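# Secondary and tertiary structure notes
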Amino acid sequence: MDDITTQRRDGAVLLTDGPAIGPTPEQAAQVLARGLGRRGFVRAAAGMGAAAAAVVGGSAAPALAAPGGAAGGPVQVLQPLRRPPARETYVPCDPATALWGRLPTRSTDPVARVTSGTVLTMDTVSHEGVLEDQGKDPLGYFTSFGVSPDAVLQDAIGVAARTPHDGPGPHVVTGPVHVRGARPGDVLKVDVLELTPRVPYGVISNRHGKGALPGEYPEAWRGDPSLAEWFNQGGNVSVFTEVQSRQGRLVGAMPGPVPARFPLRPFLGMMGVARDTTALVDSVPPTDAGGNIDVADVGVGATLYLPVRVPGALFFVGDPHMAQGDGEVALTAMEGSLRARLRLSVVRPGDGAPRITAEQPFAETPEHWIPIGLSDQDGPEGGGNGTDLDVAVRQAVRHALAFLTEELGMPGPVAYTYLSAATDFAVSQVVDRTTGVHALIRKADFGR
């Protein structure tokens, strides 16, 4: 991981820096303690490459730890790797490996080929700061908030300039990766080993006609001069959000007169495999092949199971999130580019994967089994996108019941009543046209 190693400390995975490339974490803390202000903080944080962030996963440890607990420890800026990790496959996100706004299909050429069990590092680029309503100029957009030019990702600049935005969605997608031996009827098991923020900032957006309250916001705020600073050049809301340190943890720091800090909890909003079609597939709605499922619990330490639809699976990632509340109500999470380290394994339903994974995505963490319900898992080619949250809830309950009865052997009446008494059903997101709900079944309840 580019001279970064990991270690466990109180349930968190701390990323510790390798050879120094600038100020020490102690020096960084001293500089930041002088009170640089909002724009100065980002410039300073971007240049302090020796300090690194810590990544945690799933629901076990929902925060990032600053290195050594040092106050003000910044995130190391992770430009594309010049030297791939030894004995691992590295997939950059650049004009040669990225799709913009669309997902791979069975006819998409893979950007890498790996064997089952391979650990690979995949870079992701957030679409926020790259999109047209923000100028399609990441360098100009982020430096306008005081970000140092060398803290703007080179691959983001390259994607904005040279990758065609030829799909209807906003997402920058890395892949696909062909997994040798994967065939329809198999399951691709994706173990999330590490997720590292690549920059010390992110963006949260609310766009016209989207979000939980389309037609109400951001329209209601237009024309109010006191709110003009929160609108981007396309007339939509985009809120630049710094990464700071608070009590030894990395947090997102909302701008404005009311201080609000929330723990970072990185995950990939989008992990999926190609659908068996040659038609254009929109990057926005999640389907039974995964994609933009936006389940915040699928962080480091989690496993996602995806039903293989085409030879080689053609796995892809995108939509990197630094933090997201269940629902994602404004439209986006705190979007920020991540470096992901993943293990891809080909398994069979009922042999290495729950039986339910033959038909739809399923996740688990050390604490929970996570059946996923979608309001329209067949996608647009199935006749449109159903947005009914009630349908998503019913699907999540059906999938949870199937897991408890078919996988664990619970009698149906007992399983249904157990779900009512002991399982939380969380709204994954309400903004991707196809809405999502996921169940959180505690493994401890079953002695696991």
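Keep in mind the model is a prediction, meaning the values are calculated, not measured. (Residues numbered from 1 in each chain as written. Predicted model: local features only at pLDDT ≥ 70, side-chain atom pairs only at ≥ 80, totals over all residues. Heavy atoms only, no water.)

### What about the overall build of the chain?
Defined as follows: In DSSP terms, a helix is any run of H or I states spanning at least four residues, a strand is any run of E spanning at least two, and both are numbered starting from the N terminus. For each residue, the accessible area found with a 1.4 Å probe, counting protein chains only, is set against the maximum for its type, and the residue is called buried under 20%, exposed over 50%, and partly exposed in between. In this analysis, two residues are considered to be in contact whenever any of their non-hydrogen atoms come within 4.5 Å of each other. A 1.4 Å probe and the Shrake-Rupley method give the accessible areas. Residues count as covered only by the protein chains that appear here.
Of the regular secondary structure elements, the chain holds six helices and 25 strands. Considering the chain as a whole, with its 448 residues, one finds that 58% of them fall into the buried category. Within the chain, contacts between residues separated by at least 24 positions form 77% of all contacts whose residues are at least 6 apart in sequence. Carbon and sulfur atoms make up 51% of the accessible area of the chain, which totals about 17,000 Å².

### As for unusual backbone geometry
Following Gly175, the chain continues to Pro176 via a peptide bond in cis, the omega torsion being 15 degrees. Inspection of the secondary structure assignment puts Pro176 in strand 9 (residues 172-179). Of note, Gln247 is a non-glycine position whose phi angle comes to about 55 degrees, a positive value. Residue position: Gln247 is located in the loop between strand 12 (237-246) and strand 13 (249-254).

### Let's talk about the pairing of strand 17 (residues 303-307)
Operational definition: For two strands to be treated as a pair, DSSP must find no fewer than two bridges joining them.
Counting buried positions along strand 17 yields five of five residues, so the element is predominantly enclosed. Residues Thr303, Tyr305 and Pro307 point to one face of strand 17 and Leu304 and Leu306 to the other, with burial holding for every one of them. Two elements, strand 17 and strand 22 (residues 362-364), share three bridges in a ladder whose sense is antiparallel. Within strand 22, the residue paired with Leu304 across the bridge is Ala363.

### Considerations on the side chain of Asn232
As a reminder, the rule being used: Polar contacts here mean pairs of N or O atoms no more than 3.5 Å apart (in protein, one a potential hydrogen donor and the other a potential acceptor; neighbouring residues in sequence count only if both atoms are side-chain atoms).
Residue position: Asn232 is located in the loop between strand 11 (201-206) and strand 12. Assessed through its relative accessible area of 10%, Asn232 is described here as buried. One polar contact links Asn232 to Ser238, side chain to side chain, over a distance of 2.9 Å. Setting aside its immediate chain neighbours within four residues, Asn232 contacts Asp133, Gln134, Val237 and Ser238.

### Describing the layout of surface pockets
This is how the line gets drawn: Using only the protein atoms, space was sampled on a 1 Å grid; points where a 1.4 Å probe fits but cannot get out form cavities, open sets with protein on both sides within 12 Å along at least five of seven lines form pockets, and lining residues are those with an atom within 4 Å of a point. Grid points are joined across faces, edges and corners, and a volume is the space filled by probe spheres set on the points. Throughout this entry, Asp, Glu, Lys and Arg are counted as charged residues, while Ala, Val, Leu, Ile, Met, Phe, Trp, Tyr, Cys and Pro are counted as nonpolar. The remaining residues, Gly among them, count as polar.
Computed from the structure, the second largest pocket encloses a volume of approximately 500 Å³. Lining the second largest pocket we find 27 residues, and of these Pro170, Lys210, Val284, Leu331 and Val431 sit closest to its centre. Taken together, the residues that form the lining of the second largest pocket break down as eight nonpolar, ten polar and nine charged.

### Regarding helix 4 (residues 154-162)
Buried residues of helix 4: Asp155, Ala156, Gly158, Val159 and Ala160, and no others. In this structure, the buried side of helix 4 is in contact with strand 6 (98-100), strand 8 (118-123), helix 3 (138-143) and strand 9.

### Points about helix 5 (residues 389-407)
We count it as follows: A helix is expected to span 1.5 Å multiplied by its residue count minus one.
The terminal C-alpha atoms of helix 5, which comprises 19 residues, lie 26 Å apart, in line with the 27 Å expected from a rise of 1.5 Å per residue. Buried within helix 5 are the following residues: Ala392, Gln395, Ala396, Val397, His399, Ala400, Ala402, Phe403 and Leu404. Buried residues belonging to helix 5 abut strand 22, strand 23 (368-374), helix 6 (412-422), strand 24 (424-429) and strand 25 (436-442). Capping the start of helix 5, Asp388 holds a side-chain oxygen 2.8 Å from the backbone nitrogen of Asp390, two or three residues further along. Where helix 5 ends, the next residue or the one after it, Gly409, has phi of about 80 degrees, a positive value.

### Section: the packing of aromatic side chains
To keep things clear, this is the line we draw: Any Phe, Tyr or Trp ring, taking Trp's six-membered ring, that has another such ring centre within 6.5 Å forms a pair; planes under 30 degrees apart are called stacked, those over 60 apart edge-to-face, and the others tilted.
As enumerated under the stated definition, the model contains twelve aromatic pairs in all. Note on Tyr141 and Phe142: the rings are 5.2 Å apart at their centroids and 75 degrees apart in plane angle, and the pair reads as edge-to-face. Both residues of the pair, Tyr141 and Phe142, count as buried. On the numbers, 5.2 Å between centres and 70 degrees between planes, the contact of Tyr141 with Phe145 is edge-to-face. The same class applies to Tyr141 as to Phe145, namely buried. Taken together through their ring pairs, the aromatic side chains of Tyr305, Phe362, Trp369, Phe403, Tyr418 and Phe446 make up a single cluster.

### So, empty space enclosed by the protein
All chains considered together, the criterion is met by four cavities of 30 Å³ or more. The space that makes up the largest cavity amounts to roughly 120 Å³. Along the wall of the largest cavity there are 15 residues; nearest its centre are Ser126, Glu128, Phe142, Tyr201 and Ser337. Top contributing element to the lining of the largest cavity by residue count: strand 11, with three residues. Across the lining of the largest cavity, the residue classes break down as nine nonpolar, four polar and two charged. Taken as a whole, the second largest cavity encloses approximately 60 Å³ of empty space. Taken together, 13 residues line the second largest cavity, and the ones lying closest to its centre are Leu103, Val273, Arg275, Thr287 and Phe316.

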